[in-house]
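# An overview of the molecular structure
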Amino acid sequence: MIIAANFKTNHTRSSTKEFVLDVNEYLEANTNNEVYIFPSTTALDKFDTVTNLNLGVQNAYHVEQGSYTGEIGSIQLEEFAIKTILLGHSERRHILKESQEEITKKFNFYKDLGYKIIYCIGEPLEVKNISYEETMSYIWGQLDGIDISYENLILAYEPVWAIGTGISATSDDIKAIHLGIKEKIDKPLLYGGSVKVKNVRDICLIDGVDGVLIGTASWIKEDFIQILENTKDI
Ligand code: PGA
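It should be emphasised that the depicted structure is a prediction, and the values quoted were computed from it without experimental measurement.

Direction vectors running N to C along helix 6 (residues 132-141) and helix 7 (residues 171-184) enclose 50°, while the axes themselves pass 11 Å from each other. The pairing of helix 6 with helix 7 is recorded here as oblique in orientation. Helix-helix and strand crossings are classified by hand; for helix 6 and helix 7 the assignment is right-handed. Note on element contacts: helix 7 touches helix 6 through Ala 176, Ile 177, Gly 180, Ile 181 and Lys 184, opposite Tyr 132, Thr 135, Met 136, Ile 139 and Trp 140.

With that settled, the discussion passes to empty space enclosed by the protein. Under the defined criterion, the tally for this structure stands at two cavities of 30 Å³ or more. Put simply, the largest cavity is a space of about 130 Å³. Taken together, 16 residues form the lining of the largest cavity, with Gly 193, Ser 194, Ile 214, Gly 215 and Thr 216 sitting closest to its centre. Split by residue class, the lining of the largest cavity holds five nonpolar, eight polar and three charged. In this model, the second largest cavity occupies a volume close to 30 Å³. What lines the second largest cavity is simply Gly 88, Ser 90, Arg 93, Cys 120, Ile 121, Gly 122, Gln 142, Glu 158 and Ile 163. Among the elements of the structure, helix 3 (90-95) and strand 5 (116-121) are those that each provide at least two residues to the lining of the second largest cavity. When its residues are assigned to classes, the lining of the second largest cavity shows three nonpolar, four polar and two charged.

Burial analysis of strand 2 (residues 34-38) places four of its five residues in the buried class, the great majority of the element. Here strand 1 (residues 2-6) pairs with strand 2 via five bridges, running parallel. Across the sheet, Ile 3 pairs through a bridge with Val 35, a residue of strand 2. Each parallel crossover has a hand, and the one from strand 1 via helix 1 (residues 13-29) to strand 2 is right-handed. As paired strands, strand 2 and strand 3 (residues 53-55) are joined by three bridges and run parallel to one another. Bridging from a neighbouring strand, Val 35 pairs with Leu 53 of strand 3.

Below, the discussion takes up the nonpolar core. Judged by nonpolar contacts, the single largest core of 58 residues is most densely connected at Ile 37, Ile 117, Tyr 119 and Ile 181. Tallying contributions element by element places helix 1 first for this core, with five residues. When sequence neighbours within four positions are dropped, the list of residues in contact with Ile 117 reads Ile 85, Leu 87, Phe 107, Tyr 110, Lys 111, Tyr 150, Asn 152, Leu 153 and Ile 154. Grouped together as the second largest cluster of nonpolar side chains are eleven residues, Ile 2, Ile 118, Leu 190 and Leu 213 included.

Rules and cut-offs
Residues numbered from 1 in each chain as written. Predicted model: local features only at pLDDT ≥ 70, side-chain atom pairs only at ≥ 80, totals over all residues. Heavy atoms only, no water. Axes fitted to C-alpha atoms, helices over the stretch in contact; angles between N-to-C directions. Helix = DSSP H or I, 4+ residues; strand = E, 2+ residues; numbered from the N terminus. Parallel < 35°, antiparallel > 145°, perpendicular 65-115°, else oblique. Left-handed = near helix turned anticlockwise from the far one by under 90°. Contact = heavy atoms within 4.5 Å. 1 Å grid on protein atoms, 1.4 Å probe; cavity = no way out; pocket = protein on both sides within 12 Å on 5 of 7 lines; lining within 4 Å. Points joined across faces, edges and corners; volume = space filled by probe spheres on them. Nonpolar A, V, L, I, M, F, W, Y, C, P; charged D, E, K, R; others polar. Buried < 20%, exposed > 50% of the residue type's maximum accessible area, 1.4 Å probe, protein only. Pairing = 2+ DSSP bridges. Right-handed = clockwise from strand over helix to strand, strands pointing away. Core = buried A, V, L, I, M, F, W, Y, C linked by side-chain atoms within 4.5 Å.

That's the geometry; what it means functionally is another story.
This is how it looks when you write it as structure tokens:
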């Protein structure tokens, strides 16, 4: 399974270091999962990890360097050997108002650099409430301009209404959307939205689920390690 932790605006440089070292130690003895951690950019560092533990960034600008106050470009990432980026997350789309055009620019820039891209898609509640067809067409819109054949692409289906709410999508919903996406796109597909220690195994066992992208439940180190433990044989 692919298990990814999105720290969002949580953890400090020192607590991230402790987290990464402990997860790495756990993975030295348990090598099955492919694990990604997305810390805040101030916590980036050169971590000496096992090959199946990767550090990525939650966001970066589509430039190598230049005059873009407050942004970071690829030369700042290279310093820490970062080769993984999260794009299209609902908080960036909805709270930070990132447009599909802007996301596509980032996608193309980091694709050209060969980055692994975890690309998020997912509908708000008002769209889900209309119909399955409407939900799928909303999701296709979020893939507008995106090269879905890119070899280093991982998709993450994260319904907006399930993120940080404690209410995960039902197994039937997850299965229907995942199989709908997989009919058209042959890429690993994660589910995200209120994944917890208690439900992670059941979610990972759903048809069409290749792993999970976790926010809240990934911030507590012991919980995240338990999540890895609960999924290591799937
Ligand atoms: P959550 O967040 O696990 O807190 O619902 C998921 C995400 O935003 O990736």
